[in-house]
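Take a look at the letters that make up each chain.
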Amino acid sequence: MLGRTSLTLSKSSLFAAIILAIMFNGLYKKEAYALTADDVLNKMNTDQQAGYFSGFVDGLAQARWIKDKPDQAGMNCIYNWYYKGGKPQQRRIQTWLGKHLNRQANGLLYVLIKRDCGE
């Protein structure tokens, strides 16, 4: 068996490592917040918006499948709602978000999907 060594820190070294980690985190910490409809519509380009919407739809469809499995009807409804909706669905999303610029974009998308696909 090859020699195994473990890393052990003295109490003072451990304390210093913890302080250093806290300081490092404090220097580079960014505030996390949910994206508003304004952020999505006015700060993202078309490709970024498509990625954001696609990621949300995929996550929601997956959650729906987990909730309903083995029934895939809800998941398929969500996928079809977005991916087969085409330009009319994109305009509907843009219009809906445009009416609620200060609201969270993911919640607004959920409301639209829930209307057509239920919970």
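So, a few notes on the structure that sits alongside this text. (Residues numbered from 1 in each chain as written. Predicted model: local features only at pLDDT ≥ 70, side-chain atom pairs only at ≥ 80, totals over all residues. Heavy atoms only, no water.)

**Quick notes on helix α3 (residues 46-68)**
- The terminal C-alpha atoms of α3, which comprises 23 residues, lie 32 Å apart, in line with the 33 Å expected from a rise of 1.5 Å per residue.
- Residues of α3 that are buried make contact with α2 (37-43), α4 (73-83), α5 (86-99) and α6 (105-117). (Helix = DSSP H or I, 4+ residues; strand = E, 2+ residues; numbered from the N terminus. Expected span 1.5 Å × (residues − 1). Contact = heavy atoms within 4.5 Å.)

**Side note on the pattern of salt bridges**
- Within the structure shown, the criterion is met by 5 salt bridges.
- Note that D39 and K43 form a salt bridge whose closest N and O atoms lie 3.2 Å from each other. Of this pair, D39 and K43 both sit in helix α2, 4 residues apart, roughly one helical turn.
- For D39, a relative accessible area of 9% translates into the label buried.
- A relative accessible area of 59% means that K43 is categorised as exposed.
- With a closest N to O distance of 3.4 Å, K67 and D68 form a salt bridge.
- What you see here is one network of salt bridges that share partners, running through R64, K67 and D68. (Salt bridge = Lys/Arg side-chain N within 4 Å of Asp/Glu carboxyl O. Buried < 20%, exposed > 50% of the residue type's maximum accessible area, 1.4 Å probe, protein only.)

**Examining the packing of α4 against α6**
- Where α4 meets α6, the closest approach of the two axes is 10 Å, and the angle between their N-to-C directions is 120 degrees. The orientation of α4 relative to α6 falls into the category oblique. In the packing of α4 onto α6, the handedness of the crossing is right-handed. For the pair α4 and α6, contact is made by C77, I78 and W81 and by L112, I113, D116 and C117, respectively. (Axes fitted to C-alpha atoms, helices over the stretch in contact; angles between N-to-C directions. Parallel < 35°, antiparallel > 145°, perpendicular 65-115°, else oblique. Left-handed = near helix turned anticlockwise from the far one by under 90°.)

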